[in-house]
Amino acid sequence: MRKLAPLLLLLIAPAAPVLNAQSAKPEKLSAPELIALAGANDPAKLQSAIAVTFSEEDRKAGTAWAGHGPDFFFAIESASQPSLVIDDRAPIGMQALPNQQAQLWYATAHIDPVGTLHAFHYLIDGKDFGGRLDLPAYPPRFYAQPGVPQGTLSDKITHISKIYDGMKSNYWIYVPAQYDPKTPAALMVFQDGGGYSNRTGDHGILNVIDNLIAEKKIPVMICVFINPGSVTDAPGTPTYTYVKAHSERFHRTLDDAMRSTLYDTVSDRYVRFLRDEILADVGAKYNLRKDAYSRAITGASSGGICSFNAAWQMNNEFSRVITWIGSFTNIQWEEQPDHPEGGQDYPDKVLRGPKRNIRVWLQDGSNDMENPNWGSWPLANIRMANALKTREYDFHFSFGKGTHNDGHGASEFDKEMIWLWRDYDPAKTEQTYQIDPAEKAEPFFRVTIANRSAE
């Protein structure tokens, strides 16, 4: 097995924990800062930085890591010396921080390739310990690039819905630097949007969008990052009554049950909410294209099926879809008498229903959830992929080894966007999507059991 190349230490000044002026709490350090400290021969500062950056729970569980592109920093508490194993390659020895009770160990690593998902775990006393199957190595487009103009994100906007009986929703509008009010812009909607709207957060989604627009790989687009709403302040309404019953039946919080009601329900209600309320307000402020050819929608988990559902229900509103770890399962099956279907019905709807003119990127992992109430996420996504292939939809299925985690989908977001918007022509308002000949020539997806003995 190939041993990972040693990491070249970055030539920046070692950083000490920085106090946040508002919270007066030390801020977490980035992977480059931690790596620089590791090479500065100052154990006290490094120990302090590790304590600030990683929780005690993660350090003890062997799940503490930070990454920037291919450069990673790992830390663990262990009574015995651990070795770090990445992608089942040769183990890497960990370095000890002396004179401290927690017996803290650390290592740096350079992990290739970027733009994909990796995995790591530890060997302690000859046994596997800790680690994660979801270790994303982000490519350069996930970081701000010199000379690339950055768009602007609005302040939080709160909307009170009529379609969902007083539900309050928060959303943000992202406007690229190239937007010209005289020219209608394409549109993309992100479910659970608050988690993607932080430029320096876990995903770098805004940087990817900026970089791809600058490269002319995707059109100039307005992005709406919307969070699931809350009906906490609307008791007694039909929506509140339904959501409360669902939360009690499945022991979910009221807000979690509201998210499921929005995202997992197989109906046109949510896309009507987007069209008639949220996007109507956004369209009053910005010049948006109205054609589905120029509109995309995306989300993860329940947000993933929500995005597919929106395009399926109203193909005249959205025609481009990205789903990460999509919940094509029975979460809202028979929850409402007038909407008996559930997400588990979508493979059959794709096979038997009228074909929609949509382009779909699916992503999931073999270690995604098996839920006792709602079914199997990996098998549901494989069924979806094979149904789309059978009907010769324009689709791509990215299937890895990850868990119910957005690391895989996020790590390849730039590739997803380039694929989704390929051959886009702003002079057009429609296109009939066809399966890629290379995909058509591929066999169907088949399952092998890798975690049990063959019988």
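For the structure itself, consult the block above.
First, a word on scope: everything that follows refers to the structure included in this document. (Residues numbered from 1 in each chain as written. Predicted model: local features only at pLDDT ≥ 70, side-chain atom pairs only at ≥ 80, totals over all residues. Heavy atoms only, no water.)

1. Points about the overall build of the chain
Part 1 of the reasoning: Summing up its helical and strand segments, the chain has 13 helices and 19 strands in all.
Part 2 of the reasoning: At 23 Å, the chain has a C-alpha radius of gyration in line with the 23 Å of a compact globule built from 455 residues.
Part 3 of the reasoning: Its C-alpha atoms put the chain at 65 × 60 × 50 Å along the principal axes.
Part 4 of the reasoning: Buried positions account for 53% of the 455 residues belonging to the chain.
Part 5 of the reasoning: A sequence separation of at least 24 residues applies to 72% of the contacts in the chain between residues at least 6 apart.
Part 6 of the reasoning: If you sum the accessible surface of the chain, you get close to 20,800 Å²; carbon and sulfur atoms cover 51% of it.
Part 7 of the reasoning: In the chain, 45 positive and 54 negative side-chain charges are present, and the distance between their average locations comes to 3 Å. (Helix = DSSP H or I, 4+ residues; strand = E, 2+ residues; numbered from the N terminus. Rg over C-alpha atoms; globule rule 2.2 N^0.38 Å. Buried < 20%, exposed > 50% of the residue type's maximum accessible area, 1.4 Å probe, protein only. Contact = heavy atoms within 4.5 Å. Areas by Shrake-Rupley, 256 points an atom, 1.4 Å probe, with all protein chains shown as cover. Lys, Arg positive; Asp, Glu negative; His and termini not counted. Charge placed at Lys NZ, Arg CZ, Asp CG, Glu CD.)

2. Topic: the sheet that holds strand S3 (residues 83-86)
Part 1 of the reasoning: On the basis of which strands lie adjacent, the open sheet formed by 4 strands has the order S4-S3-S7-S8 and antiparallel pairing. Looking along the sheet, the strands with just one partner apiece sit at the ends: strand S4 (92-93) and strand S8 (127-137).
Part 2 of the reasoning: Pairing geometry for S3 and S4, over 2 bridges, is antiparallel. By the bridge assignment for S4, Ser83 is matched with Gly93. (Pairing = 2+ DSSP bridges.)

3. Considerations on helix H2 (residues 43-53)
Part 1 of the reasoning: Along H2, the positions that sit buried rather than exposed are Leu46, Ala49, Ile50 and Thr53. Relative to the axis of H2, the buried residues are bounded by an arc of 100 degrees and lie together on one face.
Part 2 of the reasoning: Where H2 is buried, its residues meet helix H1 (31-38), helix H3 (56-61), strand S2 (71-77) and strand S6 (104-110). (Arc of directions from axis to C-beta.)

4. Here's the deal with the nonpolar core
Part 1 of the reasoning: Residues Val189, Tyr270, Phe273, Leu274, Phe308 and Phe318 are the most contacted members of the largest nonpolar core, which totals 58 residues.
Part 2 of the reasoning: In terms of residue count, the dominant contributor to this core is helix H7 (residues 269-285) (7 residues).
Part 3 of the reasoning: Filtering out sequence-adjacent residues up to four positions away, Tyr270 remains in contact with Tyr164, Gln191, Ile226, Leu262, Tyr263 and Cys306.
Part 4 of the reasoning: Grouped together as the second largest cluster of nonpolar side chains are 34 residues, Ile325, Trp361, Trp419 and Leu420 included. (Core = buried A, V, L, I, M, F, W, Y, C linked by side-chain atoms within 4.5 Å.)

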